[in-house]
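The residues making up each chain are set out below.
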Amino acid sequence: RAERKLVFERKKEKIALLAKGEGRLPKMRQHVNPLAPQYRTPIPTPDWTAVYGDPTQDLHLDLGCAAGQLLMQLARMDPHRNHLGVEIREALPVRASRWVEEEGLKNAHFVFGNINVSFESLLDGYPG
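Residues numbered from 1 in each chain as written. Predicted model: local features only at pLDDT ≥ 70, side-chain atom pairs only at ≥ 80, totals over all residues. Heavy atoms only, no water.

A. Representation of unusual backbone geometry within the structure. Positive phi, close to 55°, is recorded for Ala66, a residue that is not glycine. Secondary-structure assignment places Ala66 in the loop between β1 (59–63) and α3 (69–77). On the basis of relative accessible area, Ala66 is assigned to the partly exposed category, the value being 27%. (Helix = DSSP H or I, 4+ residues; strand = E, 2+ residues; numbered from the N terminus. Buried < 20%, exposed > 50% of the residue type's maximum accessible area, 1.4 Å probe, protein only.)

Rendered as structure tokens:
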């Protein structure tokens with residue numbers, strides 16, 4: 001149990017560095033088990049007014065957005081729609097969120113979590 005906790009803490013430290021623009025993505029498994037206990041917590045509903053420049057725009061949802069490059073391109077091409085990427089592998093949306101911030105995009109956002117247990121909680125109250 002102590003060893004698992006240490007591995008978890010190291011992972012969190014690496015993700016924090018990645019969010020700051022430091023470090024690299026760790027070698028990543030291509031698949032995760034969405035039924036595992038750590039993926040059963042619903043994604044909290046974001047503050048849509050803080051996330052998007054205009055939260056009343058239509059929402060394009062990309063489930064399993066991976067690195068988020070496609071969603072970023074769509075956000076650049078379609079500024080009159082908000083784009084939300086959901087990915088179950090935590091490091092990927094962390095890095096994509098950093099790219100959104102660096103580019104100053106006001107119509108793209110990424111979240112980490114399991115959409116299978118989060119669809120309603122994530123989209124609850126979306127004004128668009």
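B. How the structure looks around the packing of aromatic side chains. What the rule picks out here adds up to three aromatic pairs. On the numbers, 6.0 Å between centres and 0° between planes, the contact of Trp48 with Tyr52 is stacked. Note on Tyr52: relative accessible area 2%, which makes it buried. Residues Tyr52 and Tyr126 carry aromatic rings whose centres are separated by 6.4 Å and whose planes lie at 90° to one another, so their mutual orientation is edge-to-face. Pair noted here: Tyr52 is in the loop between α2 (48–51) and β1 and Tyr126 is in the segment after α5 (119–123), with a separation of 74 residues, a long-range link. Joined through ring pairs, the aromatic side chains of Trp48, Tyr52 and Tyr126 make up one cluster. (Phe/Tyr/Trp six-rings, centres within 6.5 Å; stacked < 30°, edge-to-face > 60°.)

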